[in-house]
Amino acid sequence: AEKWVHMVTAQTPTNIAVIKYWGKRDETLILPVNDSISVTLDPDHLCTITTVAVSPSFDRDRMWLNGKEISLSGGRFQSCLREIRSRASDVEDEENGIKIAKKDWEKLHLHIASYNNFPTAAGLASSAAGLACLVFSLAKLMNVKEDQSKLSAIARQGSGSACRSLYGGFVKWIMGKDEDGRDSLAVQLADEKHWDDLVIIIAVVSSRQKETSSTTGMRETVETSLLLKHRAKEIVPKRILKMEEAIKNRDFTSFAQLTCADSNQFHAVCLDTSPPIFYMNDTSHRIISIVEKWNRSEGTPQVAYTFDAGPNAVMIARDRKAATLLLQRLLFYFPPNSDTDLNNYIVGDKSILQ
Ligand code: PMV
């Protein structure tokens, strides 16, 4: 057999929603019940690094996550691989004398090695970075000539929130109207330089894997929660407009109010699910109280908090000074070796640079 290997490595940061996606109207295509908005984190702290390789000596597609082989047979991986393969072009790597014709991609197999530099499946959007990175690196490997938004619609089929990790800065996932999902994709609202005062601090409350996956959780919420219907129809559309304004004007007061309210409503919708879903724990609740009290005593919000499908707190401070004061407060209330389960902090020192 021929001996060559052609490979590409890419790094993709995770993103944290400030207006949450929760609930699908189509589970196979992953079409959401509402728009969402996120901020992309700086990749030094929370990112996935993926190397994709192709060689005529590989006999099947294989993937390793954090060094352990995982199955690629799931429908979501298969959708991403199929969509990318169908858009492959000729590849010419002159330096190594490798030529791959468009038609060869159908029979060639891939090896994919992916690493997260943060806890996997602990509600820190590991799937977002992972699937976005997979799609991005495969598109580079196969010389796919589509823009980022088109790629985002492919990443969406791997994990909904992944579509938002194809851009830095502030990103909106437009839910779209089409039945085939072609218009359900991500767009950039503002780039990473737009609001670089913000500092993101993540309190890793628990690095254990979450108990209810977002897929199962969303399905149960869609089936049983009346609050979700109200949220998706009446609340989120208005919040999206307000959040876009807040971001455009760098209006931290409005940004923080919307971010906290939306996180709390997402967890309320989880509680409104039958059986109820609990993602936050006592430590999460204490963090909310500490931040709320502080914001109130200052008169204007200093820090916004948001929680995804897990107990970890993502806090966005208005500036460096507020971030330092926040860390001091957290360390005061949760001293090292205290009996809480808060184990470490990740500080995004480059704020939201991609
Ligand atoms: O893309 P998924 O299936 O991992 O779902 C993500 C859901 C939340 O993180 C809770 C919210 C969001 O918009 O990212």
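All figures in this text were calculated on a predicted structure; none of them were measured in a lab. (Residues numbered from 1 in each chain as written. Predicted model: local features only at pLDDT ≥ 70, side-chain atom pairs only at ≥ 80, totals over all residues.)

**Here we look at the domain arrangement of the protein chain**
- Domain assignment breaks the protein chain into domain 1 (6-190) and domain 2 (199-348).
- Summarising the inter-unit geometry, the C-alpha centres of domain 1 and domain 2 are found 26 Å apart.
- Contacts between domain 1 and domain 2 engage 24 residues on the former and 33 residues on the latter.
- At the level of secondary structure, the elements contributing two or more residues to the side of domain 1 that touches domain 2 comprise strand 2 (15-19) and strand 13 (185-190).
- Of the residues forming the side of domain 1 that touches domain 2, the biggest block, 3 residues, is contributed by strand 2.
- Partitioned by chemical class, the residues of the side of domain 1 that touches domain 2 number 16 nonpolar, 4 polar and 4 charged. (Domains from an automatic or database assignment. Contact = placed C-beta atoms within 7 Å. Helix = DSSP H or I, 4+ residues; strand = E, 2+ residues; numbered from the N terminus. Nonpolar A, V, L, I, M, F, W, Y, C, P; charged D, E, K, R; others polar.)

**What to know about the sheet that holds strand 7 (residues 62-65)**
- Taken in spatial order, the 5 strands of this open sheet run 1-6-11-7-8, and their pairing is mixed. The open sheet has two edge strands with one neighbour each: strand 1 (6-13) and strand 8 (68-70). In this sheet, neighbouring strand axes are inclined to one another by 20° on average, regardless of whether the strands run parallel or antiparallel. (Pairing = 2+ DSSP bridges. Axes fitted to C-alpha atoms, helices over the stretch in contact; angles between N-to-C directions.)

**Remarks on the sheet that holds strand 2**
- Pairing in this open sheet of 4 strands is antiparallel, and the strands run 2-5-12-13 from one edge to the other. Either end of the sheet is taken by a strand with one partner, and the two such strands are strand 2 and strand 13. If you compare each strand with its neighbour and ignore which way they point, the axes differ by 35° on average.
- Sheet analysis places strand 12 (residues 170-174) next to strand 13, joined by 5 bridges and oriented antiparallel. Directly across from Val-171, in strand 13, lies its bridge partner Gln-188.
- Lying over the sheet, helix 5 (residues 226-248) contacts strand 2, strand 5 (36-40), strand 12 and strand 13, oriented at roughly 115° with respect to strand 2.

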